[in-house]
Amino acid sequence: MIRSVVRGIGSALPRRIMKNTDFEGVVETSDEWIVQRTGIRQRHIAADDETTASLGEAAARAALDNAGLTPADLDLIVLATSTPNNTFPATAVDIQQRLGMRHGFAFDMQAVCSGFVYAVTAADLYLRGGQAKRVLVIGSETFSRILDWNDRSTCVLFGDGAGAIVMEAGEGAGTIADRGVLAASLRSDGTHKEKLYVDGGPSTTGTVGHLRMEGREVFKHAVGMITDVIEATYAQAGITSADLDWFVPHQANKRIIDASARKLGIAEEKVVVTVDRHGNTSAASVPLALAVAVADGRIKKGDLVLLEAMGGGFTWGAVLLRW
Ligand SMILES: CC(C)(COP(=O)(O)OP(=O)(O)OC[C@H]1O[C@@H](n2cnc3c(N)ncnc32)[C@H](O)[C@@H]1OP(=O)(O)O)[C@@H](O)C(=O)NCCC(=O)NCCS
């Protein structure tokens, strides 16, 4: 059977690092409060010349280099983002142009923080359905542009960045020993839309709007939703937490990551954590964390890796793959 195998990975971060102490004089907060409640110590913030498209392009080029491929080898680009350069055209098409690619097709996918998990799942279906042989999947965000910098309960939580992988159709035996995507589960429930949303849009206010969140409400639902969708993914593949080599969760909050891992019985040393240095980069958080763990040698070819995310909507999901 066809399996969607990861061939390369890359990432890109804005030049500027904003530490917790840099919020002094911006809002009333402290390094201690932010670290204790979230685990975040710093985040990268895009300059005017750094956009979702430019960061996405840089991550894409790094992933292609890592795979030993060029844009000519791609059939499809899927960009997960909630902070596109323009309302339209899709920023994926902008990145396609920046890469000098005039064949194939490209589109954006909007599932907020779950965007990358949704995009990998979609790419897997295009590959297994024979519509593409190689897909570039990118998560790129500039959340700093939609933050209310007067709202201390949200502006300290997010950062900017991009991560990308190249996925390729390969032959598998149909067992969980195969490399590639082995199982995936996606969910959404719009009854929670007011807990985490942006208060503007083309069809309502005609403005971009700012991020609004009931943090405590999001927190309350997060662990249960994450663990449910992971258990559904385990059931599809017939595995348990003990079989995993690495857990790469969405990087929103260290307390949510710890509580989810504890509930699932995933050992602490198998959990990849980058929220301390990146903050919550929404759809970019999972590929950025993956890129860190691949670059430092933790994730190796053949390892069983679980990706998970949860975000506005709510949307949530998990992907199990063998690297
Ligand atoms: C946002 C979050 C860190 C807040 O932590 P919390 O323990 O729930 O804190 P609360 O919202 O109950 O606020 C506690 C107090 O801290 C204050 N506070 C909020 N932000 C603050 C900040 N940056 N610095 C200092 N104090 C702050 C609040 O005003 C509140 O004060 P009050 O008690 O006088 O009203 C936490 O709810 C969270 O992480 N939620 C999940 C958010 C998330 O991950 N979203 C993304 C999902 S994709």
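From a predicted model like this one, the values you see are computed outputs, not experimental measurements.

1. As for the overall build of the protein chain
Move 1: Tallying secondary structure elements over the protein chain gives 9 helices and 13 strands in all.
Move 2: The C-alpha atoms of the protein chain give a radius of gyration of 18 Å, which matches the 20 Å a tight globule of 323 residues would have.
Move 3: C-alpha extents for the protein chain along the principal axes are approximately 55 × 45 × 40 Å.
Move 4: Expressed as a percentage of its 323 residues, the buried residues of the protein chain come to 56%.
Move 5: Residue pairs in contact within the protein chain that sit at least 24 positions apart in sequence constitute 76% of those at least 6 positions apart.
Move 6: Counting only carbon and sulfur atoms, one obtains 49% of the accessible surface of the protein chain, whose full area is about 13,300 Å².
Move 7: In the protein chain, 33 positive and 38 negative side-chain charges are present, and the distance between their average locations comes to 2 Å.

2. Things to note about the site of the ligand
Move 1: The local shell around the ligand holds 22 residues, among which Thr-29, Arg-37, Gly-215, Arg-216 and Asn-253 are the closest.
Move 2: Note that an oxygen atom of the ligand is positioned 2.6 Å from one of the side-chain N or O atoms of Arg-37.
Move 3: In the complex, the protein chains occlude 75% of the 950 Å² of accessible area that the ligand would expose alone.
Move 4: Contributing elements (two or more residues each) for the shell around the ligand: α1 (31–38), α5 (152–155), α6 (215–237) and β12 (304–311).
Move 5: Among the elements that line the shell around the ligand, the one with the most residues is α6, at 4 residues.
Move 6: Within the shell around the ligand, the residues separate by chemical class into 10 nonpolar, 8 polar and 4 charged.
Move 7: Structurally, the shell around the ligand is a two-domain feature, drawing no fewer than three residues from each of domain 1 (2–171) and domain 2 (180–322).

3. Examining the side chain of Thr-52
Move 1: Topologically, Thr-52 is positioned in helix α2 (residues 52–67).
Move 2: Judged by relative accessible area, Thr-52 falls into the buried class, the value being 0%.
Move 3: A polar side-chain atom of Thr-52 sits 2.6 Å from the main-chain carbonyl oxygen of Thr-83.
Move 4: Discounting residues that sit within four places of it in the chain, Thr-52 has contacts with Leu-79, Thr-81, Thr-83, Asn-85, Thr-91, Ile-95, Ser-140, Glu-141 and Thr-142.

4. Details of the pairing of strand β6 (residues 134–142)
Move 1: Most of β6 sits inside the fold, with 8 of its 9 residues counted as buried.
Move 2: The pairing of strand β4 (residues 76–80) with β6 spans 5 bridges and is classified as parallel. Looking across to β6, one finds that Val-78 is bridged to Val-137.
Move 3: Here β6 runs beside strand β7 (residues 160–171); their pairing, made up of 9 bridges, is antiparallel. Counted as the bridge partner of Glu-141 is Gly-161 from β7.

So, how was this worked out
- Residues numbered from 1 in each chain as written.
- Predicted model: local features only at pLDDT ≥ 70, side-chain atom pairs only at ≥ 80, totals over all residues.
- Heavy atoms only, no water.
- Helix = DSSP H or I, 4+ residues; strand = E, 2+ residues; numbered from the N terminus.
- Rg over C-alpha atoms; globule rule 2.2 N^0.38 Å.
- Buried < 20%, exposed > 50% of the residue type's maximum accessible area, 1.4 Å probe, protein only.
- Contact = heavy atoms within 4.5 Å.
- Areas by Shrake-Rupley, 256 points an atom, 1.4 Å probe, with all protein chains shown as cover.
- Lys, Arg positive; Asp, Glu negative; His and termini not counted.
- Charge placed at Lys NZ, Arg CZ, Asp CG, Glu CD.
- Near = heavy atom within 4 Å.
- Polar contact = N/O pair within 3.5 Å; in protein donor to acceptor, adjacent residues only side chain to side chain.
- Nonpolar A, V, L, I, M, F, W, Y, C, P; charged D, E, K, R; others polar.
- Domains from an automatic or database assignment.
- Pairing = 2+ DSSP bridges.

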